[in-house]
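Results of the structural survey
The chain contents come next:
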Amino acid sequence: MSDKNSQNIEISSKDTAENEFIDKCIEAFEKEVYEKKLNILIWGPAEPADDSDTYKVDTYKKRVDIREYLKKLGHNALFSEDISKETEKRRGYKPNPQVYEKIQIELADIAIMLRVSYGTIGEFHDFHNNPNYARKMCVYFDKEHKDGYTRKGADEIFVTMGGKLESFYYPNDITECNLRSKIENHIRKVQMVICMMPYKKY
């Protein structure tokens, strides 16, 4: 065999080995990051009693849409009130909602919040100033909400504690898929963070 042919075989073998290593890297990355299934709380407005308030109807529908979309991606996406209902069904008692949500966020990987109701504002204030909870929270608020105690005070503390805060524009971000895409991108980042810290909850 000529030296030239031997050299070509050597280069070909090297290329094959490199490609196999690259394939292993890609497979490992996707398994450790993108295939990592998260436990996700979806906090937001309750189901409205009727269709008279379009804003309430649309934001609740978006909350449901986010939950169902994340389930399709393979995540465990749940409403806190559904966890409470299932607990009552299984155990026969109604847990204190504030205490129970504290336990839930401690066990969850992330909490997505549509902060558009009195209830969600209350939930936000329960957890916004604790870094162990804030850094798990991704909060979306209406861009029209510009003033007040929460926007001018609590939000600054929340971000300082590591929370993610973003505004949305109604109706576009709610009736279209804009918000859902933002949430999916954030979850991808959380998956990478968890991959880098595998031995404890981040």
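Just above sits the structure.
What comes next concerns the included structure. (Residues numbered from 1 in each chain as written. Predicted model: local features only at pLDDT ≥ 70, side-chain atom pairs only at ≥ 80, totals over all residues. Heavy atoms only, no water.)

Re the overall build of the protein chain
- When helices and strands are tallied, the protein chain shows 9 helices and 5 strands.
- Mapped from its N terminus to its C terminus, the protein chain presents α and β elements in the order α-β-α-β-α-α-β-α-α-β-α-β-α-α.
- What you see for the protein chain is a C-alpha radius of gyration of 23 Å, clearly larger than the 17 Å of a compact globule of 202 residues, by over 25%.
- Looking at the protein chain as a whole, 34% of its 202 residues qualify as buried.
- Across the protein chain, the fraction of contacts at a sequence separation of at least 24, relative to all contacts at a separation of at least 6, is 73%.
- Carbon and sulfur atoms form 51% of the exposed surface of the protein chain, whose accessible area is close to 12,600 Å².
- Of the charged side chains in the protein chain, 33 are positive and 35 negative; the average position of the first set lies 3 Å away from that of the second. (Helix = DSSP H or I, 4+ residues; strand = E, 2+ residues; numbered from the N terminus. Rg over C-alpha atoms; globule rule 2.2 N^0.38 Å. Buried < 20%, exposed > 50% of the residue type's maximum accessible area, 1.4 Å probe, protein only. Contact = heavy atoms within 4.5 Å. Areas by Shrake-Rupley, 256 points an atom, 1.4 Å probe, with all protein chains shown as cover. Lys, Arg positive; Asp, Glu negative; His and termini not counted. Charge placed at Lys NZ, Arg CZ, Asp CG, Glu CD.)

Let's talk about the environment of L38
- Along the chain, L38 falls in the loop between α1 (3-34) and β1 (39-43).
- Relative accessible area serves as the criterion here: at 0%, L38 is assigned to the buried category.
- Sequence separation between L38 and N178 is 140 residues, and the spatial gap between their C-alpha atoms is 21 Å.
- If near-sequence neighbours (up to four positions away) are discounted, L38 is found in contact with H75, N76, D109, I187, V190, Q191 and I194.

Concerning helix α2 (residues 54-72)
- The end-to-end C-alpha distance of α2 is 27 Å, a good match for the 27 Å that 19 residues give at a rise of 1.5 Å each.
- Listing the buried residues of α2 in full gives V57, D58, T59, Y60, K62, R63, I66, R67, Y69 and L70.
- Residues of α2 that are buried in the fold lie against β1, β2 (76-78), α3 (80-91), β3 (110-115), α8 (172-175) and α9 (178-196).
- Capping the start of α2, D53 holds a side-chain oxygen 3.1 Å from the backbone nitrogen of Y55, two or three residues further along.
- Directly after α2, the chain includes G74, whose backbone phi takes a positive value near 100°. (Expected span 1.5 Å × (residues − 1). Polar contact = N/O pair within 3.5 Å; in protein donor to acceptor, adjacent residues only side chain to side chain.)

Focus on the sheet that holds strand β4 (residues 137-142)
- Reading across the sheet, the 5 strands line up as β2-β1-β3-β4-β5 and stay open at both edges, with parallel pairing between neighbours. What marks the edges here is a single partner per strand, and that holds for β2 and β5 (164-168). Strand-to-strand twist across the sheet, computed as the mean angle between neighbouring axes with direction ignored, equals 20°.
- Bridge count for β3 against β4 is 5 bridges, and the pairing is parallel. Considered in β4, the bridge of A111 is made with M137.
- Against the sheet, helix α5 (residues 118-127) contacts β1, β3 and β4, and its axis sits at roughly 135° relative to β3. (Pairing = 2+ DSSP bridges. Axes fitted to C-alpha atoms, helices over the stretch in contact; angles between N-to-C directions.)

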